[in-house]
Amino acid sequence: MAPQTQQIASRVWSNSRVPGITKSRMQELLDPILIVQSMSALLQRLVGWFQSPGFYVQILLGVIALFLALAVTRGSGRYLKADGDSDTDTRLSRLRAGLERARPLLLPLLAFVFLGVAEAFSESHYGDAWLLRGLEAIALIALFYMANRLFVNSGLMRRFVSWVLIPIAILYVFGGLGPVIAYLDEVRLTAGNITLSLYTISRVLIFGTILFWLGRKSNDTGKRYIREQEDLDIGTREVFAKLFEIGLFFLIFILLLQVIGVNLTTLAVFGGALGVGLGFGLQSIAANFVSGLILLLDRSLTVGDYVELEDGRVGTIRALNMRSAILKTFDGKDIVVPNETFVTTSFVNWTHEDGKQRYTIELQVAYDTDLEPLLVMLKELVAGHPQVLSGDEVSREEQPDAEISGFGDSGVDLLIEYWMEGIDDGKNRVGADLNMLIWKALKEHKVQIPYPQREIRILGDAKA
């Protein structure tokens, strides 16, 4: 080797320090004679490939594989379309819509499969399949790219797939992933007695992100599927949805420990001490978690119930989570209530067993009012409201009623009672409608609502 080449190789090697390449190896790589010989050998190999029958067989097999993939993809389109009026099942319609949405994945997937079969055939009969292997890698990359565009809605996760997972797949299919892993594993960070390599940190970050994203998507899909099972009552559905959520996140936690490299046997040794520590430090969270399970199992509280708390707050149960319940008020606010509140304090569940509710309206009329026709008119007026329960099919106890409730200082106290389906608030403002109707009826019939009256007596000498 020429001295000038040795000096250049020594300088390059000292500046780069590429792991796995020695100084002598660097000198060999920069030797002009070796470079020319390598280029000549590569050129001869390419000429041999182009002249070999296996090269043209690979081209033919690749064309056949791509043609089959394209034909199957086009033929599957008519089977995924809905059948019009015959497609009445909501689940079947949803399944067809999902398959139709995923149909762009079919072409690269089938191309990858057929090219894999062609690769195995060419490898066994001709001893080489480099062209088919390259086409197979391109099909796999296209599959990843298409899946990322169709099914990943989060912009952050989509960028993660584009800039991390797809390059990893490219390195894998072209055989470059092994050297990259070896290089990252040699770069280590030391803090005290703890030594971590870049490969370990990268693996935890990549697999942790994938596991948590898949866990969140699987949790939403699984809970939605469980809650759509109309054969089960709503309480049982919530119990199964909660157990599914707990089991899924426990599985993700175990898988993440495996990715980090934590020995589960060693973890079990410290499980008792860790449990005691968590019991003291997270006892409030544990209490809310257990209370949530109790509420779901005894079915005293379900999604859709209208409840009134001990402090006067009211709302409809919108969700029952692992730690808390969410109350939706009629003015658009969400009240987050810890599950323990429903177990340790009293609350009123307005709609748990029966959605029908009774409401009252109180008013006062003058003592000189003819009460008998007035009470009949008020009953008919309230019964005429479309949301008030009335008619022959309604029981006597639930019929609208108007009666004298007492005698006040200024007039006669009247009480109007009525039943309705649901809560008298939000979209059901029945009480406000009835107050307006009663006010108009009293004005029309000249019925007086008395003002408070007081009698003043002056004692002693009037002049004084």
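Rules of the game
- Residues numbered from 1 in each chain as written.
- Predicted model: local features only at pLDDT ≥ 70, side-chain atom pairs only at ≥ 80, totals over all residues.
- Heavy atoms only, no water.
- Phe/Tyr/Trp six-rings, centres within 6.5 Å; stacked < 30°, edge-to-face > 60°.
- Buried < 20%, exposed > 50% of the residue type's maximum accessible area, 1.4 Å probe, protein only.
- Helix = DSSP H or I, 4+ residues; strand = E, 2+ residues; numbered from the N terminus.
- Expected span 1.5 Å × (residues − 1).
- Pairing = 2+ DSSP bridges.
- pLDDT = per-residue confidence, 0-100.
- Contact = heavy atoms within 4.5 Å.
- Patch = residues over 30% accessible without salt bridge, like charges linked within 9 Å, V, L, I, M, F, W, Y side chains within 5 Å.
- Areas by Shrake-Rupley, 256 points an atom, 1.4 Å probe, with all protein chains shown as cover.
- Salt bridge = Lys/Arg side-chain N within 4 Å of Asp/Glu carboxyl O.
- Axes fitted to C-alpha atoms, helices over the stretch in contact; angles between N-to-C directions.
- Parallel < 35°, antiparallel > 145°, perpendicular 65-115°, else oblique.
- Left-handed = near helix turned anticlockwise from the far one by under 90°.
- Nonpolar A, V, L, I, M, F, W, Y, C, P; charged D, E, K, R; others polar.

(A) The arrangement of the packing of aromatic side chains in detail. This model, assessed by the stated rule, comprises 5 aromatic pairs. Centroid distance F342 to F347: 5.2 Å. Interplanar angle 85 degrees. Geometry classified as edge-to-face. A relative accessible area of 5% means that F342 is categorised as buried. Overall, F347 belongs to the partly exposed group, its relative accessible area being 22%. Relative to Y359, the ring of W350 lies with its centre 6.4 Å away and its plane at 25 degrees, an arrangement referred to as stacked. Residue classification places Y359 among the buried positions, given a relative accessible area of 15%. Each member of the aromatic cluster is reached from another via a ring pair, and the members are Y306, F330, W350, Y359 and Y418.

(B) The arrangement of helix 8 (residues 130-151) in detail. With 22 residues, helix 8 ought to run about 32 Å at 1.5 Å a step, and its terminal C-alpha atoms sit 32 Å apart, in line with that. Buried within helix 8 we find L132, E136, A137, A139, L140, I141, L143, M146, N148 and L150.

(C) Spotlight on unusual backbone geometry. Positive phi, normally seen in glycine, also occurs at K446, with a value near 55 degrees. Within the secondary structure, K446 sits in the segment after helix 18 (430-444).

(D) Fine view of the sheet that holds strand 5 (residues 324-328). Taking strand neighbours across the sheet as the criterion, the 5 strands line up as 6-5-4-3-7 in an open arrangement whose pairing is antiparallel. Unpaired on one side and paired on the other, strand 6 (334-338) and strand 7 (348-349) mark the two borders of the sheet. For strand 5 and strand 6, the ladder comprises 5 bridges, and the chain directions are antiparallel. Bridging from a neighbouring strand, A325 pairs with V337 of strand 6.

(E) Quick peek at the confidence of the model for the chain. With 77% of its residues at a pLDDT of at least 70, the chain reaches an overall mean of 77. In the predicted structure, residues 16-20 sits below a pLDDT of 50 and forms 4 contacts with residues beyond four places in sequence or in another chain. Within the model, pLDDT remains below 50 along residues 84-88, and this stretch shows 4 contacts once partners closer than five positions in the same chain are excluded.

(F) Geometry of a nonpolar patch on the surface. Judged by side-chain polarity, L60, I64, F67 and L68 come together as a nonpolar surface patch covering roughly 400 Å² of accessible area. Structurally, the position occupied by I64 is in helix 4 (residues 53-75). By relative accessible area, which is 40% here, I64 ends up partly exposed.

(G) Representation of the packing of helix 7 (residues 106-126) against helix 8. As a packed pair, helix 7 and helix 8 sit with axes 9 Å apart at the nearest point and diverge in direction by 160 degrees. In terms of orientation, helix 7 and helix 8 fall into the roughly antiparallel class. Along this stretch, helix 7 crosses helix 8, giving a crossing that reads as left-handed. Residues P108, L109, A111, F112, L115, G116, A118, E119, S122 and E123 of helix 7 lie in contact with helix 8, whose contacting residues are L132, R133, L135, E136, A139, L140, A142 and L143. Taken together, the residues of the contact of helix 7 with helix 8 sort by class into 12 nonpolar, 2 polar and 4 charged.

(H) Focus on the pairing of strand 10 (residues 412-421). Strand 10 sits mainly inside the fold: 7 of its 10 residues count as buried. Alignment of strand 9 (residues 401-407) against strand 10, held across 6 bridges, turns out to be antiparallel. Bridge pairing in strand 10 places I404 opposite L414.

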